[in-house]
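Summary of structural features
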Amino acid sequence: MTLYISREASKLWKRLWAEITTEINLLAENWKYLLAGLIFQYIHGLAARSIHYFHRPGPLLQDVGFYLLPELGPERAYISEMLFTFVFLSFFLWTFHPFIFKSKRIYTVLIWCRVLAFLCASQFLRIITFYSTQLPGPNYHCREGSERATLPRPEKLIEAFIIVPRGIIYGCGDLIFSSHMIFTLVFVRTYNKYGTRRFIKLCSWLIAVAQSLLIIASRKHYSVDVVVAWYTVNLVVFFVDKKLPELPDRTSGAATLLLPLSAKEKDIRNKDEDHKMINGNSGDPIDWRTQMNGKIADDANMGPVHAGTTMNGVL
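Residues numbered from 1 in each chain as written. Predicted model: local features only at pLDDT ≥ 70, side-chain atom pairs only at ≥ 80, totals over all residues. Heavy atoms only, no water.

**A few points about the UniProt feature "transmembrane region" (unreviewed entry) in the protein chain**
Short version of the rule: UniProt positions are given in the numbering used here, feature names are shortened, and annotations may be inferred rather than shown by experiment. Think of it this way: any DSSP run of H or I at least four residues long counts as a helix, any run of E at least two long counts as a strand, and we number them from the N terminus.
Annotation from UniProt places "transmembrane region" (unreviewed entry) at residues 77–97, 109–131 and 167–187. Strand forms 0% of residues 77–97 and helix 86%; the C-alpha atoms that close the span are 32 Å apart.

**With respect to helix α8 (residues 198–217)**
Short version of the rule: A helix's residues, less one, multiplied by 1.5 Å, set its expected span. In what follows, a contact means two residues having at least one pair of non-hydrogen atoms within 4.5 Å.
An ideal rise of 1.5 Å per residue puts 28 Å on 20 residues; α8 measures up with 29 Å between its terminal C-alpha atoms. The inward-facing, buried residues of α8 contact α2 (64–68), α3 (78–95), α7 (179–194) and α9 (223–243). At the C-terminal side of α8, Arg-219 shows a positive phi close to 60 degrees.

**Comments concerning a nonpolar patch on the surface**
Formally: Residues forming no salt bridge and having over 30% relative accessible area are the ones grouped into patches, like charges within 9 Å of each other and nonpolar side chains (Val, Leu, Ile, Met, Phe, Trp, Tyr) within 5 Å. Per-residue and other accessible areas were derived by the Shrake-Rupley procedure at a 1.4 Å probe size, with only the shown protein chains allowed to occlude residues. We count a salt bridge whenever a side-chain nitrogen from Lys or Arg sits within 4 Å of a carboxyl oxygen from Asp or Glu.
Together, Leu-27, Trp-31, Leu-35, Ile-39, Tyr-42, Ile-43, Leu-157, Ile-158, Phe-161 and Ile-162 give the surface a local cluster of nonpolar side chains, amounting to about 960 Å² of exposed area. Looking at the nonpolar patch, the element that brings in the most residues is helix α1 (residues 2–51), giving 6 residues. Among the structural elements, Leu-35 can be located in helix α1.

**Concerning the side chain of Glu-23**
Stated formally: Only protein chains enter the accessibility calculation, which uses a 1.4 Å probe; a residue is then buried when its area is under 20% of its type maximum, exposed when over 50%, and partly exposed in between.
If you trace the backbone, Glu-23 turns up in helix α1. Residue class for Glu-23 comes out buried when judged on its relative accessible area of 5%. Excluding residues within four positions of it along the chain, Glu-23 makes contact with Phe-99, Tyr-107, Thr-108 and Val-109.

**Here's the deal with the nonpolar core**
Where we set the bar: For the purposes of this section, nonpolar cores are sets of buried Ala, Val, Leu, Ile, Met, Phe, Trp, Tyr and Cys residues that join through side-chain atoms within 4.5 Å.
In terms of nonpolar packing, the biggest core is built from 42 residues, with Val-115, Leu-119, Val-186, Phe-187 and Val-233 touching the most fellow members. Residue assignment for this core shows that the elements contributing at least two residues are α1, α3, α4 (108–132), α7, α8 and α9. In this structure, Phe-187 is in contact with Val-87, Phe-88, Phe-91 and Val-115, ignoring residues within four places of it in sequence. Counting 6 residues, the second-largest nonpolar core is a separate cluster that includes Ala-47, Ile-51, Cys-120 and Ile-127.

**Considerations on the pattern of salt bridges**
On inspection of all chains with the given rule, the structure shows 7 salt bridges. Arg-143 is the salt-bridge partner of Glu-71, the closest N and O atoms lying 3.7 Å from each other. With Glu-71 in the loop between α2 and α3 and Arg-143 in the loop between α4 and α5 (157–160), this residue pair connects regions lying 72 residues apart in the sequence. Its salt-bridge partner being Asp-174, residue Arg-126 comes within 3.1 Å of it at the nearest N-O pair. Of this pair, Arg-126 sits in helix α4 while Asp-174 sits in the loop between α6 (166–169) and α7; the two residues are 48 residues apart in sequence, bridging distant segments of the chain. For the residue pair Arg-126 and Asp-174, the accessibility class agrees, reading buried in each case. By sharing partners, the salt bridges in this structure join Arg-114, Lys-193, Asp-241 and Glu-246 into a single network.

**Some thoughts on the environment of Val-233**
Considering the arrangement of structural elements, one finds Val-233 in helix α9. Looking at Val-233, the relative accessible area reads 0%, which means it is buried. Taking the C-alpha atoms as reference points, Val-233 and Met-181, separated by 52 residues in sequence, lie 8.3 Å from one another. Once residues lying within four places of it in the same chain are set aside, the contact partners of Val-233 are Ser-122, Phe-177, Ile-182, Leu-185 and Val-186.

**Some thoughts on the packing of aromatic side chains**
Filter applied, for reference: Put simply, two rings from Phe, Tyr or Trp (the six-membered ring, in Trp's case) pair if the centres are within 6.5 Å, and we call them stacked under 30 degrees between planes, edge-to-face over 60, tilted for the rest.
One pass over the full model with this rule turns up 17 aromatic pairs. On the basis of an interplanar angle of 40 degrees and a centroid distance of 5.6 Å, the ring pair of Phe-91 and Trp-94 is categorised as tilted. One end of the pair is Phe-91 and the other is Trp-94, both in helix α3 and 3 residues apart, which spans about a single turn. Owing to a relative accessible area of 5%, Phe-91 belongs among the buried residues under this scheme. Among the aromatic residues, those joined into a ring-pair cluster are Phe-84, Phe-88, Phe-91, Phe-92, Trp-94, Phe-96, Phe-99, Trp-112, Phe-183, Phe-187 and Tyr-191.

Structure representation (structure tokens):
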């Protein structure tokens, strides 16, 4: 029993180390894209924070969702945030599952480059829309009479660049369209393309619908903010995904050709290619022939050769 556990632990460690090495190589090539995506996340938060200075509370707008969905109230508004936190953490952990599990279809660095591209494109459109028109916020801390509905002008310039934690929790004015739905829909669509569990894919869409209803019920957004997010984010992901290079499929052996190689791996591959050239086998699937007992299988140029062909070439 002890020997079995030790052997399995050794396999897990080797798999983990191989995955770390691969991801480090990918990170070395793609760190600029990841850094740019993370910087834009701060820019998006900064834009949402700055629009709060221009927010002016007013009467709630007429909204179909407010009539149809019962109001959760301030004491139960956390339910929406709990579901969003569950979605975020679940997707985050899923992107790192290749480090542990054997079933690997994605590379963590490459999947996050793709996700950040979707997020940045959607958030760029969001910044344009909520800066174009400032609506009175429906959230409880954004209504008339609340101290957090308007922000006083910052006494120091540095105050305008601090977005955590008040800028994230108590924002007002950044309405059209919902940021929570941007993250939720990007995560759901990404998993539906690269995930493997059909049941989880179905549940993810149901969770996205539940998230939409809870956002409206908690009065964090108007219904238009959620509706616009649904078709805008899906269209953004659809078109941006076509412009990005497709991720290598780890289930095929050809995927390893797309990964950056270490110097040692390159030397081994070059030696293998030289060995194939010396033996007259280039490794090209077009020129590959099956040889067995001195007989050559069907040739595309010469036509089928009869089984009576011997090593001496006598029919």
